[in-house]
Each structure stands twice: as C-alpha cells, then as structure tokens.
Amino acid sequence: MISKNIFSSLDKANTEKLINRRVALLTIAQTGLFSILGARLAYLQIYKHDDYSSLSEDNRTTHRLLAPQRGNIVDLSGKILATNIENYQALFVLGETGDIHKALIAFNSILPEKKIDIIKILEIAKKSSKFKPIKLIEDLTWGEFSKLNANVHKLQGIYPSVGFKRYYPGKEANAHLVGYVSSLSENESYNNPFSKLANAKSGKIGIEKSRNLDLRGQIGNKRLEINAFGREIRELNRIESKKGRNIQLTIDRDLQRFCYEQLDGLSGSIAVTNIHTGEYLALTSAPAFDPNKFYSGMSHDDWNFLTKSLYKPLINKAISNHYPPGSTIKPFVALAALEEGFDPNKRINCDGSYEIKDTSTEKGTKSFHCWKKKGHGPMNMKEAIQRSCDVYFYTLAREIGINKIAEVCKRFGLGAKVFDEFFEELMGTVPNKEWKKRELGYNWMIGETLVAGIGQGYFLATPAQLSLATAQLVNGGKRISPKIIYKDIDLRNQNKSIKNLADTKHLEFLKDCLFAATNEQGGTSYRSRLIGKYQFAGKTGTSQVRRISEKEREEGIIKNKDLEWSRRDHGIFIGYGPINKPKFSISVLIEHGGSGSGAAAPIAKKVMNFIFKQKIDIERIVITDA
Amino acid sequence: MPSFYQIRTSLSIIDRIREINIFLVCLLLTTFLFGLLSLYSVADANFDPWARNHLIRFVISAILFFIISIIDIKIILKLTYPLFVINILVLVLIMFIGTETYGATRWIRIAGVSLQPSEFIKVSLILCLAKYYHSIPIIEASKISRMIIPVIITLIPVGLVIIQPDLGTSIIILIGAGSIFWIVGINYKYFIVALLSACASIPVGWQYLHNYQKERVFTFFNPERDPLGNGYHIMQSKIALGSGGFAGKGYLEGTQSHLNFLPEMHTDFIFTMYGEEFGFIGTFLLLIIYLSIILVSFNLATKSRSSFGKYLSCGLIFLFFSHVFINVGMVMGLLPVVGVPLPLISYGGSSMLATMIGFGLIMNCYINRDTILAKEGFID
C-alpha cells in the first residue's frame with residue numbers, strides 16, 4: 001500500500017512535470033504566433049503603407065469629367081448663329097431607384113404623352129456605374145419640366161435636370177455654312193478625351209466641323225469621394241471646364257436669311273462678297289435642313305429624305321457642288337483677249353453658228369451654235385458681253401487659246417478653293433491642255449477651246465468662286481483674300497502689298513460692259529435692273545447640262561420647261577453693286593433654273609435691292625476704307 | 001486523501017470576491033471598450049444599432065462572469081456533463097427549428113433572444129474534456145481505450161457544427177479540444193498521426209465543402225485571382241490596414257470602412273476598421289492587450305492545484321487565443337476567410353456571452369485553486 005503510494009506519487013510528480021512542460025510549450029507557442037501577427041501588422045501597416053495608401057486613395061476617389069460649353073458662332077454684327085440653350089431633361093440613377101419599372105410608371109402618370117424606350121435605357125444602365133446619372137428623356141418643355149419638379153417626390157431616383165444643347169436660331173438659313181453637331185463617330189472617338197464625356201458632340205459639316213477644336217473648349221474635372229458602390233459622397237476638388245471660343249463669321253444673318261428665302265422652292269445658292277475685304281456676307285444653299293434636328297438623333301424618315309432627295313439638301317451648293325459657269329465666264333475670256341491685244345472695237349459677225357473643220361463628221365465641218373439661232377449680226381466686245389453672243393466668244397477663244405483663258409480664270413480665283421476652311425469645299429475645274437492630258441489622257445481639241453470660251457465643257461466653278469472672281473474683277477483688280485471667319489484686319493496695310501491682277505484700263509472697260517448687260521437696252525439682264533440711287537450690274541449665264549443634238553436643233557430645241565427638272569439648264573448670274581462705288585459682288589446659281597436671265601438675275605436683283613435698302617455694312621466699309 | 005495540502009475547502013462569498021483578479025478584469029474591460037469604440041465608428045458615429053447592444057450584452061455577460069467566478073467549483077463540476085448533453089441536444093434541435101441566415105442554420109430563438117449554440121458548445125466541450133481527464137489516472141491518457149470517449153465527445157459537436165455549415169466554429173472546436181489533449185500529456189506521436197490523417201483526408205473532405213468555402217480557400221491562396229469577387233474582401237481588408245499606416249487615419253476617419261469597402265465590419269472584419277483608424281500603434285496595443293490576457297490567464301491557471309482547473313483554464317485560454325489568432329490572421333490575409341469573431345470586440349451576443357463565461361470559469365478555477373476535487377467515476 002505504501003510502496004504503491006510512493007510509486008503513484010512519483011508517477012504523479014512525473015506527469016505533473018509533463019503537464020507543466022506542455023502548458024509552458026503552449027504558452028510559448030501562443031506568444032510566438034502572436035509575434036507573427038505583430039510582424040505581419042508591421043509589414044502591412046509600416047513597410048507596405050505607401051502602396052496601400054495609394055490603393056485606398058484610388059478606391060475612394062473618382063474623377064468626373066465636366067463638359068465644357070461649346071463656343072457660340074455669331075455673325076458680323078454679333079448676332080447668334082449657333083449657341084447653347086437649356087435642355088430640360090429627366091435623369092435617373094439606378095442605385096437610387098428601388099424599382100425602375102415602378103419609377104417609370106410614376107413618371108408615365110405625370111407625363112403620359114412621353115414615350116420612353118425602356119429596353120434601350122436599361123441596356124445603357126447595365127453598362128454604366130450604378131450611381132451614374134443616365135438620361136431618360138430630354139427636350140422637355142418648361143411646362144413638363146415644372147410638372148416633374150413638382151412631383152419629384154413620387155419619382156424614386158428619377159429627377160429633372162437642366163443640361164445644354166446646341167441651338168441654331170437661324171435653322172435652315174445657315175445650315176450648311178454653320179453646320180451642325182451630333183455624337184462623335186468612331187474615328188473621332190479614338191484618342192479623344194471628349195469621347196469620355198457622356199454627351200460628347202462634334203461638328204459634322206461647315207464651321208462646326210472646321211472650327212471644332214476652337215469651339216469645343218476644355219474639359220473640366222472634379223474629384224469625388226465615392227463609396228464602395230460608387231455613390232458620390234462629396235466633392236473633393238474641381239477644375240472648371242473652359243467654354244469654347246466664340247467664332248465670328250463675316251456673314252450678315254439678315255442678308256443670309258433673305259437670300260435663303262429667295263431660294264424658297266428652288267435648288268441653288270447665293271454668295272455675296274465684300275469686294276474690298278473679301279468677306280462673304282452671305283453664303284447660302286438651298287434647300288437646307290434644320291440643324292437642330294441632328295442634336296438628339298434624327299428620325300429615320302427625316303434622314304432618308306435628306307439623303308435621298310433629288311435636291312440634295314445636305315450638300316452646300318455654294319462650295320461643295322460645282323457647275324459649268326456658262327456665259328458668266330465671258331468677261332474673263334474678254335479680259336484674256338484684251339491682254340492679248342485684241343481690239344475691243346473690232347466687229348465679228350454672228351450668223352448663229354461657228355464652224356470648224358472636223359473630218360470625223362459627214363459634212364467635214366462641225367457647227368458651234370449661238371444661243372440666238374438667227375445670230376446677233378456684227379458685234380463688238382461690249383455688245384457681245386451685253387447680249388452674251390456665243391459666236392463672238394468662240395472666235396475670241398480660238399484666237400487666244402485655252403491656256404490663256406485658263407490662266408486668267410485662275411488668276412481671278414477659279415479652279416482653287418476659295419476658303420482655307422471647309423473640309424467639304426470643292427476646287428472646281430479650270431481646264432487647259434496640260435490638265436486634259438494629265439487628267440483624261442487625251443490631247444486637247446480645238447472644239448473644246450470654243451466651248452470653254454462660253455464656260456461650258458470641262459469648266460466647273462462653285463458659286464463662291466464666281467462671287468470671288470467677280471469681286472476681283474470689279475474692285476480695281478486687287479487681290480483679296482476671301483474670308484468667312486471675321487478678322488479685324490488693317491486694310492491700308494493690306495492694300496500696299498497688293499499688286500493689281502489686271503490692267504485697270506481693261507477692268508474699267510469690262511465694268512462698262514457689265515453695266516450695259518444689266519442697265520442698257522438689249523442686255524441679258526435688262527429686265528432685272530434696279531432704277532434709282534443704287535444700281536447694280538452683272539452677267540447672266542445659262543449652263544447646259546445636256547447635249548443638244550443636230551437633229552434636235554433642226555426640229556427645234558426643246559424648251560426648258562418641257563424637260564424634266566434634272567435636264568434643264570442651270571441659271572447663273574454674277575454681278576456687283578452699287579455702280580457708282582462698288583462694294584459687293586454676288587453670284588446666284590439656280591440648279592436647273594432654265595436660264596440665267598429668267599431664274600438667277602431676278603433673284604440677284606432682289607438681293608441687291610435688299611442690300612442697298614438695308615445699307616448692310618456700307619457704313620462699316622466706309623470706315624475701314626478711310 | 002492526501003493531507004499535506006493546505007486545505008481551503010470552504011471560502012466565504014466575500015473571500016471569493018476578494019480573490020477575483022482585478023488585473024484580468026481590467027484587461028477584459030479594456031478590450032471590450034475597444035470593441036465599443038469600434039462599433040460606434042462602424043455605425044458612422046452612432047450608438048445604434050451596434051454599440052448600445054454591445055454594451056448591454058457586456059453588462060449581462062459581466063454579471064454572468066461574476067456569478068460563475070464566485071460559485072463553488074463543485075457545482076460546475078456537477079453540471080458539466082448535463083450542460084454538455086443539453087447543448088448537444090440544442091445543436092441537434094436547430095437542424096429542425098433553427099433560423100437560417102446567409103444559407104447557414106446557426107441560430108435559435110429563445111424567449112426573443114437569438115442564440116448561437118455553437119458558441120457555447122466550444123466552452124462546454126472544454127469543460128467536458130477537462131472533467132473527463134480529471135477523472136482518469138493521467139498516466140493512462142495515452143492509452144487507446146482512454147481516448148475513445150474524448151474523441152467521440154469531440155467529434156459529435158464538430159460534426160453537428162460542420163453541417164450547419166460553419167467551418168470556422170468546427171475548426172475552433174477541434175483546436176480547443178486538441179489543446180486539452182496536448183496539455184493532458186497525450187503522446188505527441190498521436191498528434192503527428194492526427195495531423196497526417198487530417199492532411200490525407202483533405203481530398204476527401206474537399207468534396208463535402210460548400211462552394212463558397214472552396215472559393216474562400218482558393219481566394220486565400222491567391223487573393224488577386226478575382227479582385228472583385230471573393231478576393232475582394234481580403235484585398236480591401238489589407239488595403240484598409242495598410243493605408244492606416246503607423247498612426248492610423250484617425251478615429252471615425254477610416255475611408256475604407258466608412259465608404260463601405262469592407263465587408264462584415266461589425267463582426268468578422270472589425271479588426272480591419274480598427275486598424276485603419278488607429279494604425280499600427282492601435283493594432284499593436286490591442287495585440288499586447290490580448291497577449292496580456294492570455295499570459296495573465298496562464299499565470300492564474302498554473303496556480304490551480306486541481307488538474308481539472310488546470311486543464312479547463314488552459315483549454316479555455318487556448319480557445320480564446322485561437323479566436324484572436326484566426327480572426328486577426330484572416331483579416332490580414334494570413335489565413336483563409338472563416339467566420340471567426342474577434343472576442344469581446346466583434347458584435348455578437350453569443351460570442352460575448354461564451355467568452356465571458358469562459359473567463360468566469362478561468363477565474364473560478366483560480367479562486368478555487370486550492371480546492372481538492374474528488375475524482376468521480378474512475379477513482380483509483
């Protein structure tokens with residue numbers, strides 16, 4: 001019993017030792033493991049602090065871009081051509097909308113007449129952050145907007161908001177020139193910070209496109225604190241966006257509108273140029289479109305109409321379409337002849353046609369007809385211009401050759417872009433021998449010189465070019481730099497460096513000829529003359545778009561009004577005024593208008609009359625002239 | 001009965017109260033206050049919904065701690081097995097009438113209070129094992145025949161908890177039980193065998209894991225794998241701790257936490273938000289406090305003359321330690337995400353109650369350190 005007790009107590013002592021050792025080991029282990037925790041904490045919180053700090057900062061902040069306002073486009077006197085107006089919208093935030101369908105039903109009960117494409121909007125919502133506002137509807141009226149404001153408590157997550165949208169008060173009148181904006185194309189989005197804006201727009205044509213970089217301004221930026229769900233907590237700081245630069249055009253808004261109204265129902269263009277400064281006061285094309293419709297997406301039907309219409313409403317006919325100048329080229333051909341020493345008093349007999357040898361035809365000759373079948377009889381230069389005798393100019397053209405004609409035309413601005421501005425501007429064509437060989441691969445033929453003499457054949461010019469050429473013809477031969485963007489230039493300085501484009505003596509003579517064509521009996525535009533203090537003068541042109549066959553000539557030429565529209569002749573008029581102190585040149589082009597005297601000259605008369613009556617800018621020019 | 005021990009069988013209530021170790025109580029109180037501070041911050045400087053409840057629960061738990069500390073250890077010894085059986089029955093019961101939350105059935109509502117029986121089974125099992133080893137000759141602990149009962153009474157709660165499913169708690173139960181096995185001197189070879197067989201059973205057990213548990217394990221090994229999915233929580237937690245830096249972002253100033261980048265901020269990830277706001281100074285201080293609690297408790301445990309007291313105290317201390325270690329290791333990305341609360345700081349009534357009961361028992365063992373306890377059952 002005792003021995004067992006001793007044994008057991010010895011044993012007990014041993015196990016006691018074991019247990020104490022185990023407890024001690026456990027304690028040491030726990031302390032050791034705690035040291036690992038401590039070391040890990042030191043690693044995370046001290047050693048890696050900087051890394052995690054920046055990660056935390058990235059977590060909690062986000063940037064929101066602030067859209068700049070687009071610059072305004074104004075006319076010469078500061079009247080608005082394009083600006084931004086308030087756009088009443090309804091936005092919604094998915095993260096604040098409990099049940100989007102419920103919210104939409106509530107919205108619908110407030111504005112029942114507004115249709116919303118829910119599927120499309122939910123698709124957009126799916127792609128963006130839960131707390132980014134998404135546009136539900138825009139272009140609300142003030143009434144609808146106030147209704148929403150009054151009922152905002154019923155609309156969980158949908159709320160009214162005021163944005164901006166581009167507005168063109170002139171609507172169709174300036175559509176092509178000013179252009180329009182709409183959403184960025186894929187090409188434009190590439191590498192473009194603006195593509196990150198929710199509602200990014202860029203100019204598509206006209207000034208909106210050419211001056212897009214100036215107009216669009218600078219994007220601002222605000223830094224926000226957000227929570228894990230992207231909800232904005234507060235604004236940390238912001239860099240304001242900068243509004244785009246305003247662009248002032250040389251256009252006079254009222255004149256432009258007047259011109260556009262004159263083209264009502266017609267397809268054509270009017271360009272009015274200040275002959276001293278080269279500023280274009282009007283650059284109109286009709287028919288046009290309402291640029292406001294492009295802003296928030298155009299309906300399919302509207303778009304189809306614009307792209308498929310025979311009258312090409314999307315084309316700026318003043319610069320983006322070119323036409324054979326017809327008889328409006330004659331003053332320039334005449335100038336070329338004068339420079340070649342041709343005697344303007346020499347009479348050439350017009351018997352209705354001009355014949356050249358042509359072995360390819362049966363008769364061995366080829367006839368070139370004057371528009372007056374019976375002929376004009378003997379003509380000197382002044383009479384030939386006044387009455388627009390074709391035979392006289394066939395003779396002239398043949399005498400001086402195509403290259404001389406082309407040289408003069410180019411000198412006055414044909415065959416080159418008028419403005420260093422528009423992406424959509426065409427150059428027109430001033431043909432010569434080298435041009436034909438280069439472009440078409442054939443040799444020049446004499447018959448082509450003859451038709452070039454009356455502005456037909458390969459000749460092509462834009463209305464803007466015709467107005468510029470006329471301006472330089474009547475301003476004393478000064479080379480002017482055409483402008484559509486207003487620049488406050490010092491005219492006196494500019495004049496010094498300018499050499500005359502042609503002999504003043506010749507130019508004065510040609511002005512007389514143009515005066516006679518409009519204001520003297522027998523002139524082609526005599527019926528469209530203005531009587532009174534201010535008069536104007538100009539040359540008509542009728543450019544054929546079809547070939548008249550010999551057979552048709554014998555049977556009698558079909559009258560324009562009996563032809564389908566697209567086969568009728570273009571009616572053109574170039575002119576200037578006032579006569580006693582010229583300030584403006586004009587070109588009017590009526591597509592398939594029938595004739596220059598019938599379609600274009602009467603419109604030129606109205607526009608000139610408007611200019612004189614309104615005294616548009618005449619005072620301003622007197623000031624800068626001095 | 002050996003008579004050379006100084007016998008202090010009967011202690012008056014006053015004596016018992018006097019014997020309460022004030023230092024440990026202060027440490028516990030301090031830890032709780034850190035919890036209160038953090039929960040106030042989690043609710044964006046609001047007492048509601050968490051801090052107020054936390055305070056109430058602490059008061060209740062503290063009362064329970066106090067009562068358990070001063071009652072007769074023999075009562076505890078007597079109640080050990082019945083309490084364990086009841087607890088097991090409740091665990092079985094919640095399989096049928098439990099409240100399901102986040103796909104797990106862990107809670108039971110008793111008189112309007114939601115309780116998590118798995119929190120209590122941790123303490124109950126330790127008690128049970130301590131009593132069992134107290135009742136057998138300790139040199140026989142390594143005998144196979146002596147290991148059957150403790151292994152069975154360990155595996156029953158582990159099994160019941162794992163099917164809830166609650167991997168974290170079942171691991172904790174295993175660790176707690178393991179610590180008792182270790183202390184009673186079971187041959188270390190068995191631990192090696194158990195560890196190896198556990199490793200071998202991983203491929204088998206893997207199939208029984210829930211998808212979210214597998215994801216958590218994957219995520220642990222590669223948190224950047226899916227930074228917006230499962231790895232998100234761990235990444236955000238590390239960002240929060242790291243960005244807190246040495247001195248912290250300042251109380252109530254934590255951006256990661258207040259902007260909701262952290263998950264479960266009031267429960268499992270509360271240490272992260274604390275660390276973000278108080279920095280390394282704060283987290284280091286808290287670790288020191290936890291370590292102090294553990295070391296002070298061990299000191300108290302070694303004073304106990306009865307093996308029951310020693311086993312019980314050491315087991316409970318290790319249980320407490322494993323909560324802290326797993327939770328803190330988890331939020332720092334050292335361990336996989338398993339739902340283990342941070343004792344006295346995480347919001348949770350059952351956890352708080354169980355922890356304070358645990359310390360009540362440790363204190364009780366200390367107060368009754370000289371009490372001679374008869375070995376029931378297998379008396380030599």
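Since we're looking at a predicted model, the values are computed, not measured.

Novice: What am I meant to see in the overall build of chain A here?
Specialist: Across its full length, chain A holds 23 helices and 19 strands. A sequence separation of at least 24 residues applies to 74% of the contacts in chain A between residues at least 6 apart.

Novice: Got a minute to help me understand the overall build of chain B in this structure?
Specialist: From N to C terminus, chain B includes 14 helices and three strands. By the burial criterion, 49% of the 380 residues in chain B qualify as buried.

Novice: How should I be thinking about the sheet that holds strand β3 (residues 113-115) of chain B in this particular structure?
Specialist: For sheets, the rule is that strands pair by backbone hydrogen bonds, running either parallel or antiparallel. All names here are of chain B. Ordered by their spatial adjacency, three strands build an open sheet running β1-β2-β3, and the pairing between neighbours is antiparallel. Looking along the sheet, the strands with just one partner apiece sit at the ends: β1 (99-101) and β3. Pairs of neighbouring strands in the sheet enclose a mean axial angle of 40 degrees, with direction left out of account. Where β1 meets strand β2 (residues 104-110), three bridges bridge the pair, whose relative direction is antiparallel.

Novice: Would you take a moment to explain the environment of Ile 137 of chain A for this structure?
Specialist: Residue and element names in this part refer to chain A. By the element assignment, Ile 137 lies in strand β4 (residues 134-140). Owing to 22 C-beta atoms within 10 Å, Ile 137 belongs among the buried residues under this scheme. Measuring from C-alpha to C-alpha, the distance between Ile 137 and Pro 160 comes to 9.5 Å, with 23 residues separating the pair along the chain. Dropping the residues within four chain positions of it, Ile 137 is found in contact with Gln 89, Ala 90, Lys 114 and Ile 116.

Novice: Would you explain the interface of chain B and chain A in this entry?
Specialist: You'll often see interface size given as the accessible area lost when the parts meet. Contact with chain B, which involves 39 residues of that partner, is made by 34 residues of chain A. Looking at the side of chain B that touches chain A, the elements that each hand over two or more residues are α7 (167-183), α10 (230-244), α11 (255-258), α12 (270-303) and α13 (307-331) of chain B. Element by element, the count of residues in the side of chain B that touches chain A is highest for α12 of chain B, at ten residues. Looking at side-chain class alone, the side of chain B that touches chain A contains 23 nonpolar, 14 polar and two charged residues.

Novice: What is the right way to look at the pairing of strand β3 (residues 80-92) of chain A in this model?
Specialist: When a strand is regular, its side chains alternate between the sheet's two faces. All names here are of chain A. In this sheet, β3 lies alongside strand β2 (residues 73-74) in antiparallel orientation, the contact comprising two bridges. Each residue of the ladder has a partner; that of Ile 73, found in β3, is Ala 82. Linking β2 back to β3 in an antiparallel pair, the connection comprises five residues, with Gly 78 at a positive phi of about 85 degrees. Sheet topology note: the β3/strand β5 (residues 158-167) ladder contains ten bridges and is antiparallel. Its bridge partner being in β5, Asn 84 is matched across the sheet by Arg 166. Pairing geometry for β3 and β4, over four bridges, is antiparallel. Looking across to β4, one finds that Tyr 88 is bridged to Leu 140.

Novice: When you look at the confidence of the model for chain A in this model, what are you seeing that I'm missing?
Specialist: Caution applies to low-pLDDT regions: their predicted coordinates should not be interpreted in detail. For chain A, the mean per-residue pLDDT works out to 85, and 93% of the residues sit at or above 70. The model gives residues 619-626 of chain A a pLDDT under 50, and that stretch makes six contacts with residues more than four places away or in other chains.

Novice: It is not clear to me how the packing of helix α3 (residues 51-70) of chain B against helix α14 (residues 349-367) of chain B should be interpreted in this structure. Could you clarify?
Specialist: A packed helix pair is summarised by two numbers, namely the angle formed by the two axes and the spacing between the axes. Residue and element names in this part refer to chain B. Where α3 contacts α14, the two axes come as close as 7 Å, and the packing angle between them is 25 degrees. Taken together, the axes of α3 and α14 lie roughly parallel to each other. Pair α3 / α14 crosses with right-handed handedness. The residues of α14 that touch α3, namely those facing Arg 57, Phe 58, Ser 61, Ala 62, Leu 64, Phe 65, Ile 68, Ser 69 and Ile 70, are Gly 349, Met 352, Leu 353, Met 356, Ile 357, Phe 359, Gly 360, Leu 361, Met 363, Asn 364 and Ile 367. Here the contact of α3 with α14 is composed, by residue class, of 14 nonpolar, five polar and one charged.

Novice: It is not clear to me how the packing of helix α14 (residues 390-400) of chain A against helix α17 (residues 446-453) of chain A should be interpreted in this structure. Could you clarify?
Specialist: All names here are of chain A. Running from N to C, α14 and α17 point in directions that differ by 125 degrees, and their axes come no closer than 8 Å. Classed by the angle they form, the pair α14 and α17 counts as oblique. The two elements α14 and α17 cross, and the hand of that crossing is right-handed. Of the residues in α17, those in contact with Phe 393, Tyr 394, Leu 396, Ala 397 and Arg 398 of α14 are Ile 446, Thr 449, Leu 450, Ala 452 and Gly 453. A per-class count over the contact of α14 with α17 returns seven nonpolar, two polar and one charged.

Novice: What is the right way to look at unusual backbone geometry in this model?
Specialist: Each neighbour pair has its own omega, and for Ala 286 of chain A with Pro 287 of chain A the value is -5 degrees, a cis peptide bond. Relative to the elements of secondary structure, Pro 287 of chain A occurs in the loop between β12 (280-286) and α11 (300-308). Across the junction of Gln 164 of chain B and Pro 165 of chain B, the peptide omega takes the value 0 degrees, indicating a cis bond. Looking at the secondary structure, you find Pro 165 of chain B in the loop between α6 (144-162) and α7. Non-glycine residue Lys 171 of chain A carries a positive phi angle of around 45 degrees. You can see Lys 171 of chain A is positioned in the loop between β5 and α6 (175-178). Non-glycine residue Ala 45 of chain B carries a positive phi angle of around 60 degrees. A count of 11 C-beta atoms within 10 Å places Ala 45 of chain B in the exposed class.

Novice: Is there a simple way to think about helix α10 (residues 253-262) of chain A in this case?
Specialist: Within an α-helix, residues lying three or four positions from one another point in the same direction, as the helix has 3.6 residues per turn. Residues and elements named next belong to chain A. The buried count for α10 comes to seven of ten residues, which makes it a mostly enclosed element. Taken residue by residue, α10 has Arg 253, Leu 255, Gln 256, Phe 258, Cys 259, Tyr 260 and Gln 262 as its buried positions. Contacts made by the buried residues of α10 are with β3, β11 (268-274), β12 and α22 (596-614).

Novice: Sorry, what's going on with the pairing of strand β9 (residues 232-239) of chain A here?
Specialist: Residues and elements named next belong to chain A. Summarising the sheet, strand β8 (residues 220-226) and β9 pair through six bridges and their orientation is antiparallel. Looking across to β9, one finds that Glu 225 is bridged to Arg 234. From the end of β8 to the start of β9, which pair antiparallel, there are five residues, and Gly 230 there has a positive phi angle of about 90 degrees.

Novice: Just to check I follow, could you spell out the sheet that holds β8 of chain A for this structure?
Specialist: All names here are of chain A. Read across the open sheet, the three strands follow the order β1-β8-β9; overall the sheet is antiparallel. In the strand order of this sheet, the two ends are held by β1 (61-66) and β9, each with one partner. Looking at each pair of strands side by side, their axes are set apart by 30 degrees on average, direction ignored.

Novice: Could you clarify how one ought to interpret helix α2 (residues 49-60) of chain A in this entry?
Specialist: Residue and element names in this part refer to chain A. For α2, which comprises twelve residues, the first-to-last C-alpha distance of 16 Å matches the rise-based estimate of 16 Å (1.5 Å per residue) to within 8%. Where α2 is concerned, the buried positions are Tyr 52, Ser 56, Asn 59 and Arg 60. One side of α2 carries all its buried residues, which in axial view fall inside an arc of 80 degrees. In α2, the exposed positions angled more than 90 degrees off the buried face are occupied by Asp 50, Glu 57 and Asp 58.

Novice: Honestly, the environment of Lys 115 of chain A in this entry has me stumped. Any pointers?
Specialist: Relative to the assigned elements, Lys 115 of chain A resides in the loop between α3 (100-110) and α4 (118-127). Residue Lys 115 of chain A is classed as exposed on the basis of its C-beta count, with 9 C-beta atoms lying within 10 Å.

Novice: I would appreciate a short explanation of the environment of Gly 268 of chain A in the present structure.
Specialist: Residue and element names in this part refer to chain A. Structurally, Gly 268 can be placed in strand β11. Considered as a pair, Gly 268 and Tyr 311 are 43 residues apart in the sequence and their alpha carbons are 8.8 Å apart. Discounting chain neighbours no more than four positions away, the residues touching Gly 268 are Leu 263, Ala 286, Lys 317, Leu 589, Ile 590, Glu 591 and Gly 593.

Criteria and cut-off values
Residues numbered from 1 in each chain as written. Chains lettered and ligands numbered in written order. Predicted model: local features only at pLDDT ≥ 70, side-chain atom pairs only at ≥ 80, totals over all residues. Helix = DSSP H or I, 4+ residues; strand = E, 2+ residues; numbered from the N terminus. Contact = placed C-beta atoms within 7 Å. Buried ≥ 20, exposed ≤ 12 C-beta atoms within 10 Å, placed from the backbone. Pairing = 2+ DSSP bridges. Axes fitted to C-alpha atoms, helices over the stretch in contact; angles between N-to-C directions. Nonpolar A, V, L, I, M, F, W, Y, C, P; charged D, E, K, R; others polar. pLDDT = per-residue confidence, 0-100. Parallel < 35°, antiparallel > 145°, perpendicular 65-115°, else oblique. Left-handed = near helix turned anticlockwise from the far one by under 90°. Expected span 1.5 Å × (residues − 1). Arc of directions from axis to C-beta.

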